[in-house]
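Examining the three-dimensional arrangement
If you want the building blocks of each chain, they are given just below.
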Number of protein chains: 2
Amino acid sequence: MAVYTPIGADDVREFLRHYDVGRATSFKGIAEGVENSNFYVETFDETAIPVSRQRFILTLYEKRVDPADLPWFLGLMRHVAAKGFRCAEPVAARDGALTGAIHGKPAALITFLPGLSVARPNVVEAAEAGRALAEFHLAAADYPLKRANALGPMAWREMGTRLRSKASVLDPGWAEILDRALALLAHWPTCLPAGPIHADFFPDNVFFLNNTFAGAIDFYFACNDFLAYDLAIALNAWAMDASGKPDRSMSAALLAAYHRVRPLLPAECAAFPLLAAGAALRFFLTRLMDWQESQGALVREKDPGEYARKLACHLAIARGVGSGPADANGIPDYGWNG
Amino acid sequence: MAVYTPIGADDVREFLRHYDVGRATSFKGIAEGVENSNFYVETFDETAIPVSRQRFILTLYEKRVDPADLPWFLGLMRHVAAKGFRCAEPVAARDGALTGAIHGKPAALITFLPGLSVARPNVVEAAEAGRALAEFHLAAADYPLKRANALGPMAWREMGTRLRSKASVLDPGWAEILDRALALLAHWPTCLPAGPIHADFFPDNVFFLNNTFAGAIDFYFACNDFLAYDLAIALNAWAMDASGKPDRSMSAALLAAYHRVRPLLPAECAAFPLLAAGAALRFFLTRLMDWQESQGALVREKDPGEYARKLACHLAIARGVGSGPADANGIPDYGWNG
């Protein structure tokens, strides 16, 4: 949520010379996306017929995004957008390139996506999010390039071992939660429907207009993994509060709406509690890492405790691995009614 | 340059209910203005004929702006805008109010001003800035309300005394510069043309389109004071670099363009070196204060040293107080040619 690299009008002017969008008439650093520097840019093209005014997001990729991955991310955004999925997408420069450079950092011009993210989504919005995520999975299914999940179970084991003592310093209960979660990874599924996943489908990355899904942003954690794992990430973010308490009506709305567009297989439902625990573990670990590394830096950190509590909740549910609860329709039910 | 108060779509929706602008279709925190939280807001009014899309800046006033001063600031913006001076201006709510509240903080909806600020202005832009500042002074001259300058000579004396030992810890040379500047204040002019001044007419607060002045923002240091003092603040910001070195062609462009719109009186020219020293002292002191108070906080500080060097430069010029150099046209010349 910060502008890391300050850029000036000259930088924008120089950058836009490579695009057919006219000249910049406004630009402002914006607080959007966690990892990159983003700028709101308005352009005016007096040579177009009719004259054209457009608005864009100019993104500068900071250190957490590997420039080698950019073609994969930007290509995925274009791929799903071409299939009708609403999302921000990169604009090609005159020579066809999707990225340029500003101050030596890779930069892309991204379409401006109208809509608002909601801090406290309601059930209508949760259902919209579920539907949209399923539509994203279907639209992305034939994206030909692959990108491994750098933040998957292998990484969790390594990070968990490395951060265990730090975790127990921050909260005495966290080491035990971590141990139980890591032990459960032995049962991690090996064969479920897979494909490109968003991997960060949190409410801040989903825009609405009038309670209707208006588009998704921030695809820079996207990778190939189990589709139901992506849904589990979303469930943790949309249907559990910061205290780790699940909201049954929100989860029902999210899961049922997803299921209507891409029906979940029995194997996915059975594995869901475990996937949800893994999804919570992933954010617990990365937040723990960020919490550790940036003390005193200029970034406001997210609380690892929120995901420790969500993880503990899923661990309780996942105790009987391979026999996750399901409702009459076979959708993970989670027994959140008691 | 930061969003201090995070707000959500619900807050914006609730706030906009008091305005005739339709509903929000986009909002993003932006890095604009030093002291307040600013948000880019797009609205869509489907009940208007024709349907209307607009964009605004929503400003939340943080602690450095006294809510009691807001009617003065916002009234000034409307006053000069009504006279044709291009600037951001507050939009009135349905009941006529220029401010509302979000999260208990005063908030205003401000018109979106197209244009770009330039990090390294050229002489054409410096001349435009000089012209615009003079036009602002003329447009504001009959604004009926008064607001004393809380950061004037009286405050400098108090701050200088309080911060002297801290200054000398940061740089051994600063205490002497401070002493010389404070001694010079005995000669501060008592009678020069006065009126509302912007008091922060830095390049970041001035927008351009195609090298032409496109509007001014951030009036939250505005107050009543000597008009030539406002010009001196601008001179320090536009015509001297961070090392304190004056740029003769930039100062000539700024001062001559100002002079063409509002001719400077001989008394203003004579006092100019002293006014410029005072203007440098003002920013040296506030930067010194901010530097001291916020170590470890989340704000990137501006370097007091830049203004210590500018101040030292003016002190050398102002040695013969009351007989500042002038060129053949009577415009302060500054002897920057040697």
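The model shown is predicted, which means the values in this text are computed figures rather than measured ones.

1. A few points about the overall build of chain A
- Along chain A, the regular secondary structure elements total nine helices and nine strands.
- Here chain A, with 338 residues, has 47% of them falling under the buried criterion.
- Considering only contacts within chain A whose residues lie at least 6 apart along the sequence, 71% involve residues at least 24 apart.

2. A few points about the nonpolar core
- Core analysis: the largest hydrophobic core is formed by 209 residues, its most contacted members being Leu254(A) and Leu254(B).
- Here Leu254(A) is in contact with Ala126(A), Ala127(A), Ala129(A), Gly130(A), Ala234(A), Leu235(A), Trp238(A) and Ala239(A), once residues within four sequence places are set aside.

3. Quick notes on the domain arrangement of chain A
Residues and elements named next belong to chain A.
- Parsing chain A into structural domains produces domain 1 (9-111) and domain 2 (123-317).
- With centres defined by C-alpha atoms, the gap from domain 1 to domain 2 works out at 28 Å.
- Counting from both sides, the interface comprises 16 residues of domain 1 and, opposite them, 17 residues of domain 2.
- For the side of domain 1 that touches domain 2, a count of residues per class yields nine nonpolar, three polar and four charged.

4. Some details on the interface of chain B and chain A
- Listed per partner, the contact involves 23 residues of chain B and 23 residues of chain A.
- For the side of chain B that touches chain A, the secondary-structure elements that each account for two or more residues are helix H1 (9-16), strand S1 (23-30) and strand S2 (37-45) of chain B.
- Ranked by the residues each element gives to the side of chain B that touches chain A, the list is headed by S1(B), at seven residues.
- Where strand S1 (residues 23-31) of chain A lies against S1(B), two bridges are found, and the strand directions are antiparallel. Its bridge partner lying in S1(B), Ile30(A) is registered against Ile30(B).

5. Examining the packing of helix H5 (residues 174-184) of chain A against helix H9 (residues 304-317) of chain A
Residue and element names in this part refer to chain A.
- Where H5 meets H9, the closest approach of the two axes is 10 Å, and the angle between their N-to-C directions is 45 degrees. Here H5 lies oblique to H9, going by the angle between them. Crossing handedness for the pair H5 and H9: left-handed. Facing H5, whose interface residues are Trp 174, Ile 177, Arg 180 and Ala 181, H9 presents Ala 308, Leu 311, Ala 312 and Leu 315.

6. Considering the relation of the copies chain B and chain A
- Each copy superposes on the other: chain B lies on chain A with an RMSD of 0.0 Å after a rotation of 180 degrees and an axial shift of 0.0 Å. Here the transformation between the copies is reduced to the relation of a two-fold axis. Among all residues of chain B, the minimum C-alpha distance to the rotation axis is found for Ile30(B), at 2.1 Å.
- The share of interface residues of chain B whose copies in chain A are also at the interface is 100%, consistent with both copies meeting through the same surface.

7. Remarks on the sheet that holds strand S4 (residues 100-102) of chain A
- The ten strands are arranged S4(A)-S5(A)-S3(A)-S2(A)-S1(A)-S1(B)-S2(B)-S3(B)-S5(B)-S4(B) in an open sheet whose pairing can be described as antiparallel. Edge positions in the open sheet fall to S4 of chain A together with strand S4 (100-102) of chain B, since each of these has one partner strand only. The average angle at which neighbouring strand axes cross in this sheet is 40 degrees, direction not considered.
- Taken together, the three bridges between S4(B) and strand S5 (residues 105-111) of chain B define a ladder with antiparallel strand orientation.

8. A short note on the environment of Leu235(B)
Residues and elements named next belong to chain B.
- When you line up the elements, Leu 235 lands in helix H6 (residues 227-238).
- Between the alpha carbons of Leu 235 and Ala 140 there is a distance of 20 Å; along the sequence they are 95 residues apart.
- Discounting residues that sit within four places of it in the chain, Leu 235 has contacts with Ser 251, Leu 254 and Ala 276.

9. What to know about the packing of H6(B) against helix H7 (residues 248-261) of chain B
Residue and element names in this part refer to chain B.
- Packing of H6 against H7 brings their axes to within 9 Å, and their N-to-C directions diverge by 150 degrees. In terms of axis orientation, H6 runs roughly antiparallel to H7. For the pair H6 and H7, the sense of crossing is right-handed. Between H6 and H7, the residues in contact are Leu 231, Ala 234, Leu 235 and Trp 238 and Met 250, Ser 251, Leu 254 and Tyr 258, respectively.
- Of the residues that constitute the contact of H6 with H7, the class distribution is seven nonpolar, one polar and no charged.

10. Quick word on unusual backbone geometry
- Backbone torsion omega between Ile49(A) and Pro50(A) reads -5 degrees, so that peptide bond is classified as cis.
- As for its position among the elements, Pro50(A) is in the loop between strand S2 (37-45) and strand S3 (52-60).
- Its identity is not glycine, yet Ala199(B) carries a phi of approximately 70 degrees, on the positive side.
- Residue position: Ala199(B) is located in the loop between strand S6 (194-197) and strand S7 (206-209).
- By C-beta crowding, Ala199(B) is classed as buried, having 21 other C-beta atoms within 10 Å.
- The residue Asn211(B) is not glycine, and still its phi comes out positive at about 65 degrees.
- Along the polypeptide, Asn211(B) turns up in the loop between S7 and strand S8 (212-216).

11. Here we look at H6(B)
Residue and element names in this part refer to chain B.
- Relative to the 16 Å expected for twelve residues at 1.5 Å per residue, H6 spans 17 Å between its end C-alpha atoms, a close match to the ideal helical length.
- The buried count for H6 comes to twelve of twelve residues, which makes it a mostly enclosed element.
- Burial in H6 covers these residues: Leu 227, Ala 228, Tyr 229, Asp 230, Leu 231, Ala 232, Ile 233, Ala 234, Leu 235, Asn 236, Ala 237 and Trp 238.

12. Describing the environment of Arg94(A)
All names here are of chain A.
- Along the chain, the position of Arg 94 falls in the loop between helix H2 (70-82) and S4.
- In this structure the C-alpha to C-alpha distance between Arg 94 and Val 21, which are 73 residues apart in sequence, comes to 9.7 Å.
- Once residues lying within four places of it in the same chain are set aside, the contact partners of Arg 94 are His 18, Tyr 19 and Asp 20.

13. Focus: the pairing of S2(B)
Residues and elements named next belong to chain B.
- Among the nine residues in S2, seven count as buried, and that is most of the element.
- For S1 and S2, the ladder comprises seven bridges, and the chain directions are antiparallel. The residue bridging Phe 27 from the neighbouring strand is Val 41, located in S2.
- Two strands pair when backbone bridges link them, and S2 and strand S3 (residues 52-60) are joined in this way by nine bridges, in the antiparallel orientation. By the bridge assignment, Asp 45 is partnered in S3 with Ser 52.
- Between S2 and S3, which pair antiparallel one after the other, the connecting turn spans six residues.

14. Observations regarding helix H3 (residues 123-140) of chain B
- Taking 1.5 Å as the rise per residue, H3(B) with 18 residues should run 26 Å; its terminal C-alpha atoms sit 25 Å apart, in good agreement.
- In terms of burial, H3(B) is a largely internal element, 15 of the 18 residues being buried.

15. Quick look at the confidence of the model for chain A
Residues and elements named next belong to chain A.
- Confidence in the prediction of chain A, expressed as mean pLDDT, is 90, and 90% of residues score 70 or more.
- Segment residues 294-299: pLDDT under 50, and five contacts once partners within four positions in sequence are set aside and those in other chains are kept.
- In the predicted complex, the global pTM is 0.83; the interface-specific ipTM is 0.77.

16. Some points on the environment of Asp230(A)
Residue and element names in this part refer to chain A.
- Assignment of secondary structure puts Asp 230 in helix H6 (residues 227-238).
- In this structure the C-alpha to C-alpha distance between Asp 230 and Pro 196, which are 34 residues apart in sequence, comes to 9.3 Å.
- When residues no more than four places from it in sequence are discounted, the contact partners of Asp 230 are Leu 133, Ile 197, His 198, Ala 199, Phe 201 and Asp 225.

Criteria and thresholds
Counting starts from 1 at the beginning of each chain's written sequence and moves along it residue by residue. A letter from A marks each chain and a number from 1 marks each ligand, given out in the order of writing. Given that this is a predicted model, residues contribute local features only at a pLDDT of at least 70 and side-chain atom pairs are listed and counted only at 80 or more, while totals for whole chains, interfaces and linings are drawn from all residues. Under the DSSP-based scheme used, a helix requires at least four consecutive residues in state H or I and a strand at least two consecutive residues in state E, with every element numbered from the N terminus. We call a residue exposed when 12 or fewer other C-beta atoms sit within 10 Å of its C-beta, buried when the count reaches 20 or more, and partly exposed for counts in between; the C-beta positions come from the backbone. In this description, any two residues whose backbone-derived C-beta atoms lie within 7 Å of each other are considered to be in contact. Here, a nonpolar core means buried Ala, Val, Leu, Ile, Met, Phe, Trp, Tyr and Cys residues linked by C-beta atoms lying within 7 Å of one another. Just so you know, the domain bounds were taken from an automatic or database domain assignment. Classification convention: Asp, Glu, Lys, Arg as charged; Ala, Val, Leu, Ile, Met, Phe, Trp, Tyr, Cys, Pro as nonpolar; all other residues, Gly among them, as polar. One bridge is not enough; two strands pair if DSSP finds at least two bridges between them. Comment: axis = line fitted to C-alpha atoms, over the contacting stretch for helices; angle = value between 0 and 180 degrees taken between N-to-C directions. Should an angle fall under 35 degrees it is taken as roughly parallel, and over 145 as roughly antiparallel, whereas 65 to 115 is taken as roughly perpendicular and any remaining angle as oblique. By definition, any crossing whose near helix is turned counterclockwise from its far helix by less than a right angle is left-handed, and any crossing with a clockwise turn is right-handed. The least-squares superposition of copies is restricted to C-alpha atoms, and to residues with a pLDDT of at least 70 in both copies. One fewer than the residue count of a helix, multiplied by 1.5 Å, yields its expected span. Per-residue confidence from the predictor is given as pLDDT, running between 0 and 100.

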